[in-house]
Amino acid sequence: LADGTLTPFEFVLLHVVQRHAQAAPQRTPSRALNLGGVLSEIETVLSWMAHAGASEPEAAFARSRTALPGIPPLTLQPRGIASPALAEEAVARLGRLSPQGKRLLLRALAEVAAHDGSIGAEEGELLRALCACWECPMPPLWISGSDPQA
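Draft legend 1. Here's a closer look at the nonpolar core. Ranked by internal contacts, the top residues of the largest apolar core, which has 42 residues, are Trp48, Leu109 and Trp134. At the level of secondary structure, the elements contributing two or more residues to this core comprise helix 1 (8–21), helix 2 (39–51), helix 3 (57–62), helix 5 (84–94), helix 6 (99–113) and helix 7 (121–133).

Here is the structure:
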C-alpha cells in the first residue's frame, strides 16, 4: 500500500483483518452459489494466483482447467487489482459457493500455484489468505525456518 498500488495479497490480507476485527460476523442467510454463476470471480482469483510468483502466468493459469471440468474456458486477467471494490465483491461472492464449489475452486488455485512443481511463499500465502476469507482454514505449507523454495 505504501507504493500506491494494491496487490492481490495485500487486498486479501486486508479483507481477512477486517473480517476478524468485526465485533460479530455479518452473515445473511443466502442460497449457495454454483461455479457457473461466478465465472468472472473465478477468473479474477485464478489470475491473481497465476501472476503470484509465476514466470509463465499463462501456463500456470491453464492448469486450472484440470480442476474445473465442465465450465467454459476462462481468460487470464492482467496482473494486479483494477478495482478494490470489484475485488471485494469477487471474494465475497466466492465465499458463497457451495462446499463442493469451494473444494473445486481451492483445488484449481492449488493447481495454478503448483504448476511448476512447487509452491512459492507468495503463492502459498495468497492461497492461505483466500482460504481464510472463505472460512476454509489451511495449515502452513512449510514449517518455520524452512526454505519454501527448497
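There's more to say after this.
Draft legend 2. Main features of helix 6. Relative to the 21 Å expected for 15 residues at 1.5 Å per residue, helix 6 spans 21 Å between its end C-alpha atoms, a close match to the ideal helical length. Residues Gly101, Lys102, Leu104, Leu105, Leu106, Ala108, Leu109, Glu111, Val112 and Ala113 constitute the buried set of helix 6. The elements touched by buried residues of helix 6 are helix 2, helix 3, helix 4 (64–67), helix 5 and helix 7.

Draft legend 3. Local environment of the layout of surface pockets. Taken as a whole, the second largest pocket encloses approximately 270 Å³ of empty space. Lining the second largest pocket are 16 residues, and of these Thr44, Gln77, Ala82, Leu86 and Ala87 sit closest to its centre. Mapped onto the lining of the second largest pocket, the elements with two or more residues apiece are helix 2 and helix 5. At 5 residues, the largest contribution of residues to the lining of the second largest pocket is made by helix 2.

Conventions adopted
Residues numbered from 1 in each chain as written. Predicted model: local features only at pLDDT ≥ 70, side-chain atom pairs only at ≥ 80, totals over all residues. Heavy atoms only, no water. Core = buried A, V, L, I, M, F, W, Y, C linked by side-chain atoms within 4.5 Å. Buried < 20%, exposed > 50% of the residue type's maximum accessible area, 1.4 Å probe, protein only. Helix = DSSP H or I, 4+ residues; strand = E, 2+ residues; numbered from the N terminus. Expected span 1.5 Å × (residues − 1). Contact = heavy atoms within 4.5 Å. 1 Å grid on protein atoms, 1.4 Å probe; cavity = no way out; pocket = protein on both sides within 12 Å on 5 of 7 lines; lining within 4 Å. Points joined across faces, edges and corners; volume = space filled by probe spheres on them.

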